[in-house]
Amino acid sequence: NNATSHTSRSAIKQGMQDNRNRDENSPDNAILNRYQTEEWKGWMQFIFLLYHYMYAVEVYNSIRVMITCYVWMTGFGNFMFFQKTNDYSLHRILQMLWRLNFLVLFLCLTHGNRYILYYICPLHTYYFLMVLGVMYVGKERNHTRWWMRTKLGVLAIIIFIVWDCESYFGIFNLLHQLFLSDESVEGARMGTMWEWYFRSTLDHWSVLLGMVFAINYPITILWFKKIELRSIRRQWMGKMAVAFGMLYALRTWVKGPLTYSKIQYNETNPYYGFIPLVTYIFLRNLTPTMRSYSMELLHEIGKTTLETYLMQHHIWLSSNSKTVLTFIPGWPRINLALVTCVYVLLSRKMHNLTLLLRTIILPDDREACIRSSVAMLVTIAGFYCTAFVVDEMDMTSLMSVGAVSIVCGTLLYQSVMDSTWATYRKAVKAAKRKLEADLGDSDDHITTTSDSEVTEDKETTISRFCPPLIGAMVVLVLGLTWNGFATTGARSIGPLPSTCDAFVNNGSWIPFDGCNEASRGMAYRENQVSSYGMCLPHGNSHIWAWEKQASHTHCRFGHRDETQVKKVLNKRRVIFIGDSMTRNLYSASLRIMGVAGSGAYDATLPKHQGITSILWGTTPVVFKWAPLAVDQLAVLKEANDNSVDGNTAHDLIVLGGGAWDRLHVYATDEDRQSHAATLKELSAEMLRSQQQNAAVVWLIPTTINSQALNTEEKRDHMREEDMEAMRSVYFKNGVLSASSFVLDGPTFTASRVSESFDGVHYPPQVYDAGAQILMNAIDWLLPLNEAEPVIPPQIGKMSNPMLGFMMLVLVGIGLFMFDGFLGFTYLASAFVKGLKPHDLHRQALRSSKKSSHQHDELSDPEANNVLRSRLAKAKARKRAPKAKAKT
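For every chain, the first residue of the written sequence is number 1, and numbering continues from 1 onward in sequence order. Note on the predicted model: pLDDT of at least 70 is required for a residue's local features to be given, and 80 or more for side-chain atom pairs to be given and counted; whole-chain, interface and lining totals, by contrast, use all residues. Only heavy atoms go into the side-chain values, all of them from the structure, while hydrogens and water stay out.

### Looking at the sheet that holds strand 9 (residues 695-699)
What makes two strands pair is DSSP finding at least two bridges between them. Secondary structure elements follow DSSP: runs of H or I of four or more residues count as helices, runs of E of two or more count as strands, with numbering from the N terminus. Ordered by their spatial adjacency, 6 strands build an open sheet running 6-7-5-8-9-10, and the pairing between neighbours is mixed. Either end of the sheet is taken by a strand with one partner, and the two such strands are strand 6 (611-615) and strand 10 (741-743). Across the sheet, the axes of successive neighbouring strands diverge by a mean angle of 15°, strand direction being ignored. Each of strand 5 (574-578), strand 7 (619-625), strand 8 (652-656) and strand 9 is contacted by helix 26 (residues 629-641), which is oriented at about 155° to strand 5, the strand it contacts most. Axes here mean lines fitted to C-alpha atoms, for a helix over just the part in contact, with angles spanning 0 to 180 degrees between N-to-C directions. By definition in these notes, contact holds between two residues if any of their heavy atoms fall within 4.5 Å.

### What about the side chain of R64?
In this structure, R64 sits in helix 3 (residues 60-85). Every residue in contact with R64, bar those within four places of it in the chain, is listed here: R199, L202, D203, Y265, N266 and N269.

### Some details on the packing of helix 4 (residues 90-111) against helix 19 (residues 366-392)
Contact pair helix 4 / helix 19: the axes reach a minimum separation of 11 Å and the direction vectors enclose 20°. By the criterion of interaxial angle, the relationship of helix 4 to helix 19 is roughly parallel. The handedness of the crossing between helix 4 and helix 19 comes out as left-handed. Together, L90, H91, L94, W98 and L109 of helix 4 and R366, C369, I370, S373, M376, I380 and Y384 of helix 19 make up the contact between the two elements. Classes in brief: Ala, Val, Leu, Ile, Met, Phe, Trp, Tyr, Cys and Pro nonpolar; Asp, Glu, Lys and Arg charged; the others, Gly included, polar. The residue inventory of the contact of helix 4 with helix 19, partitioned by class, reads 9 nonpolar, 2 polar and 1 charged. An angle below 35 degrees is read as roughly parallel, one above 145 as roughly antiparallel, one from 65 to 115 as roughly perpendicular, and any other as oblique. Should the near helix be turned anticlockwise from the far one by less than a right angle, the crossing is left-handed, and should it be turned clockwise, the crossing is right-handed.

### So, the state of the cysteines
When the sulfur atoms of two cysteines share a covalent bond, that bond is a disulfide. What counts as a disulfide here is a pair of cysteine sulfur atoms lying within 2.5 Å. For the structure on display, the rule yields 1 disulfide. Across a sulfur-sulfur distance of 2.0 Å, C500 and C555 are joined as a disulfide pair. Its S-S torsion of about -105° marks the bond between C500 and C555 as left-handed, since a negative value means left-handed. Note that C500 is positioned in the loop between helix 22 (461-488) and strand 3 (507-511) and C555 in the loop between strand 4 (542-546) and helix 24 (562-569), a separation of 55 residues in sequence.

### Topic: a positive patch on the surface
A patch consists of residues whose relative accessible area exceeds 30% and which take part in no salt bridge; residues with like charges are grouped when within 9 Å of each other, and nonpolar side chains (Val, Leu, Ile, Met, Phe, Trp, Tyr) when within 5 Å. Shrake-Rupley sampling with a 1.4 Å probe provides the accessible areas, and residues are treated as covered by the protein chains on show and by no other component. Any carboxyl oxygen of Asp or Glu within 4 Å of a side-chain nitrogen of Lys or Arg constitutes a salt bridge here. Under this rule, positive means Lys or Arg and negative means Asp or Glu; His and the chain ends count for nothing. Working definition for charges: the position is that of NZ of Lys, CZ of Arg, CG of Asp or CD of Glu. On the surface, R230, R233, R234, K833 and K836 cluster together into a positively charged patch. Checked against the element boundaries, K836 lands in the loop between helix 33 (801-816) and helix 34 (837-859). For every residue, the accessible area (1.4 Å probe, protein chains only) is compared with the maximum for its type, and the residue is labelled buried under 20%, exposed over 50%, or partly exposed between those bounds. A relative accessible area of 38% means that K836 is categorised as partly exposed.

This is the structure we're talking about:
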């Protein structure tokens, strides 16, 4: 641990030293410089990923703030770009949309997921378009004093009406109802309308606050420059005044909204999430030295935040971020290291690939960009239609899909080659001529190549057909590989198949040592316990565990909780029929279903009676006391006779018995013959129940601790060897074969037999194992009902006009008092004169206009095109006399 800690400290120190920016006074070290914003995104993404991996729901509120910061940076970054470059060209917009959506659309098409599942991408796209629209309207006047601020003020009013007054006006629903619905889909259980309302409402002020900070950015830079020219005493008095104001607001937020439950906090995040955000920005940029350092590791993570967010759904995690991807079972830390390496490498590769394809498909040339975009959309639409036709014709076998993929891929390849090959050859020739000129070759060695000469070079047969053949081989190999994975490997999490019946009883009790570091740490934090007193081998802690099954069986058994069981048993009717062993299983099942005190020891309650529990207001779970086979037969026959329209009165029937029969009615041959006849009738009734669409479970009697039997009668008639013979009797008379599922009692009790205090019954946790086996088995015993229509909450539920008006006031302060920190900067004026933001505004505006005009002259696309055209004509005029002289 010491070595690891030392290594971590050394890595952090080295990272900080190696990434100091060149000059503390350079523009690269201004507030929120590129190094710093990438680092900011990097550490937030790191925590965000750990939150998902560890399922750390307890820090949800903090993670919510980090998403607010991402959306804030969308407003800040895009505003800064448009304000600086004044570039609203179509290819620039398409390039930005490509950057945000290429990978997510690829994942949607390949995995069949909905766009809303990856909600960060539509969120950033939506707010990018919002920034674009605001900046584009009246763009010629964006650098005047009040026009841009007036537009942002109008945007603030629109946001207030659409989101904070939705319950009164319904504007949000009106604007989005054509594109969204209430249909429950993957990633939007309540429907896409509610999901989008929920996601966008959480941060509906964040993008505007980022734009407010951006428009005041020159003033903020000037403020820091001027205060840092003052004496050390004055400088720190001013900065500390602002810092204390922010920290007081942060303290109020930490003790208030941050402590709320998840649902309560979500309603406050749009209005208070900016507090930790602006506090972090100010403190992170408190001194020039702090602004000049960044960590390379976090900086690199920050570059690929979009790719790491998307790929975590399928690489770091799996099943759309619901399960952990496992390469090396049984070695979680090594597995985490391996999966992380693969995940990071693939994310970086996808990042580079996205940028490379953007350059190729969406070049800076407007016509080429539009042509590529249209061709890409037509190609995707064509492939989508082809897939639809193949699916409708029921031709989705491996061979047909492979053949269609090869044919379509070959056609696509040839189309691309035919449309780009001539241009490519011309570009190669031009590049060769330029290279020769740059190397200083004499004019005599420079030759010109006409278009006819370029087109004379023809493709050979090999060069024409090799790429499609190689592509076909790749498709074939990948198809066979993926088909092998699909048929023999694991699959996404879902209900267990009926084939798992053969394995669900296979398990054992695993000793558990709670005296390790992790357990001691948890005990200290949650229970103020310094150490444990019972440790292995002296302790007696055990956990039920299933044996590992091959991946292709798809039998991933696991602990079931109330939420999971409710999905299957809700509005179902369940009955347990049997003796005290069955009653203990009934109590353990109720504990799983959320009845925590079920089965607790209580000597005042009568033992031999029935119990009825109504769970969730919809699910009756009943226990019928029926210790003898004849009693079980009578109860089951009554249930079958009460069937309605051919369906039994119960969906799940759990029976168990044999101990009382062995003890009381098995002494003579006549008793044995009568018992056998009863079992045959019981088997017939069990089959009858199955015919009436009920799932029937038989509980084999648990292991008997012969030495602990507390009466002479039990020791004479109910020893373990006696009960083993009785289990065989039930098997021979067809009880087990008449069951939908057999729960093997000895499986989960044999190794715990010494804990049977009276020879028959066990501690509650032992029956919990049997109940977990049963709850795993109901996956195939009771298939899920058709999903009931989900009624989403009312759109406008999260609106809050009062807090929205508060945000309207804060935005007004930021806009018309010229403070990106929403008024906090004015606190410094109590100690340092001449630093009020509204006094610095004119000076900052003049310098901003000057730099903007200079940049327009250099980076305006139309001006650059004209410049390139003039340069090309000048070069042509220079070469013309030389060519004539040579001729």
